[in-house]
Amino acid sequence: MIHIKTPEQIEAMRVAGRISAKVLRKTGELVRPGITTLELDRFAENLIRLEGARPAFLGYGGFKGSICASINDQIVHGVPSNEVVLTEGDIISIDTGGVMEGWYGDNAATFAVGEIDAQTAKLLEVTEQALWAGIEAALVGARLGDIGHAVQSVAEAAGFGVVREYVGHGIGREMHEDPIVPNFGRKGSGAKLKAGMVLAIEPMINAGSYKTKGPFDDGWIVYTADGSRSAHFEKTLALTADGPDILTRE
Ligand code: MG
């Protein structure tokens, strides 16, 4: 069931969204060669709590971090670790969110560690463009498939693969609510988009094949099947008659 939020509830979600955006930005500013993903996680957790929120991811399904830190060929759900040391040329997707007054925020971005090669830089650029294309398609009266179609068109035009098994989602009192928001789809298909829906749109785009593998023994980390790199950007937005209203921004 899709929960439609009132304007007051959207304002409450904006508080969680603003904190989530600040934590993502400031954690991203720490990304550099030599730092561990556990250090990034500790920083993010402290900042979320300083802002008066609770980490949305910590303890979720038993997850041990306040961020998902997914490097290189890891698509999503990277587990923060003091054994993962970032190296020049890596990329890292940081996915994080806070809960405030029971409302969730969720956002992600992929950061370069020092200098990255041109193909990887293109992957990051195209994935962010694909997210914006999806956001621009999130119009009242359009359909869910229009969002997926917009994301997929941008990614595939650049020759990249769109992950199928992991998707965006509704968000509100729960981190994952209906509907699922695929990053692929047909124009004009799926549920009609209504004012008051709040969605997390999050393209996961691979430099190679869209296929995934894992999770393996750790129970979490999802990899590209072919070892190619993967990028991930995400924002939480409310649908309004005036167009998409991004909640995860400062
Ligand atoms: Mg999400």
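Quick summary incoming for the structure in this document. (Residues numbered from 1 in each chain as written. Predicted model: local features only at pLDDT ≥ 70, side-chain atom pairs only at ≥ 80, totals over all residues. Heavy atoms only, no water.)

This part is about the coordination of the magnesium ion. A metal bound by six donors in octahedral fashion has ideal angles of 90 or 180 degrees, whereas one bound by four tetrahedral donors has an ideal angle of 109.5 degrees. For the magnesium ion, the full set of protein donor atoms is Asp106 (OD), His169 (NE2), Glu202 (OE) and Glu234 (OE), and the range of their distances to it is 2.1 to 2.3 Å. Read from N- to C-terminus, the donor residues coordinating the magnesium ion fall into the pattern D-x62-H-x32-E-x31-E. Placement of glutamate 202 in the loop between strand S11 (198-201) and strand S12 (204-206) and of glutamate 234 in the loop between strand S15 (230-232) and strand S16 (235-240) is noted, with a sequence separation of 32 residues between them. The pair formed by glutamate 202 and glutamate 234 is uniform in burial state, with each residue classed as buried. (Donors = N, O, S within 2.8 Å, 3.2 Å for Na, K, Ca; no water. Helix = DSSP H or I, 4+ residues; strand = E, 2+ residues; numbered from the N terminus. Buried < 20%, exposed > 50% of the residue type's maximum accessible area, 1.4 Å probe, protein only.)

Once that is clear, we can look at the packing of helix H1 (residues 7-29) against helix H2 (residues 37-50). Where H1 contacts H2, the axes come no closer than 10 Å and their chain directions differ by 145 degrees. Taken as a pair, H1 and H2 cross one another with a handedness that is right-handed. Every residue of H2 that contacts H1 at Lys22, Val23, Lys26 and Thr27 is listed here: Leu40, Phe43, Ala44, Leu47 and Ile48. Partitioning the contact of H1 with H2 into residue classes produces six nonpolar, one polar and two charged. (Axes fitted to C-alpha atoms, helices over the stretch in contact; angles between N-to-C directions. Left-handed = near helix turned anticlockwise from the far one by under 90°. Contact = heavy atoms within 4.5 Å. Nonpolar A, V, L, I, M, F, W, Y, C, P; charged D, E, K, R; others polar.)

Here we take up the nonpolar core. Counting residues in hydrophobic clusters, the biggest one holds 39 residues, and the most contacted among them are Val31, Leu40, Leu86, Ile92, Ile94, Ile147 and Ile201. Each residue touching isoleucine 94, except ones within four places of it in the same chain, is listed here: Leu24, Thr27, Gly28, Val31, Leu40, Ile67, Cys68, Asn107, Ala108, Ala109 and Phe111. Counting residues in each nonpolar core, the second largest holds 15 residues, with Phe63, Cys68, Val99 and Ala200 among its members. (Core = buried A, V, L, I, M, F, W, Y, C linked by side-chain atoms within 4.5 Å.)

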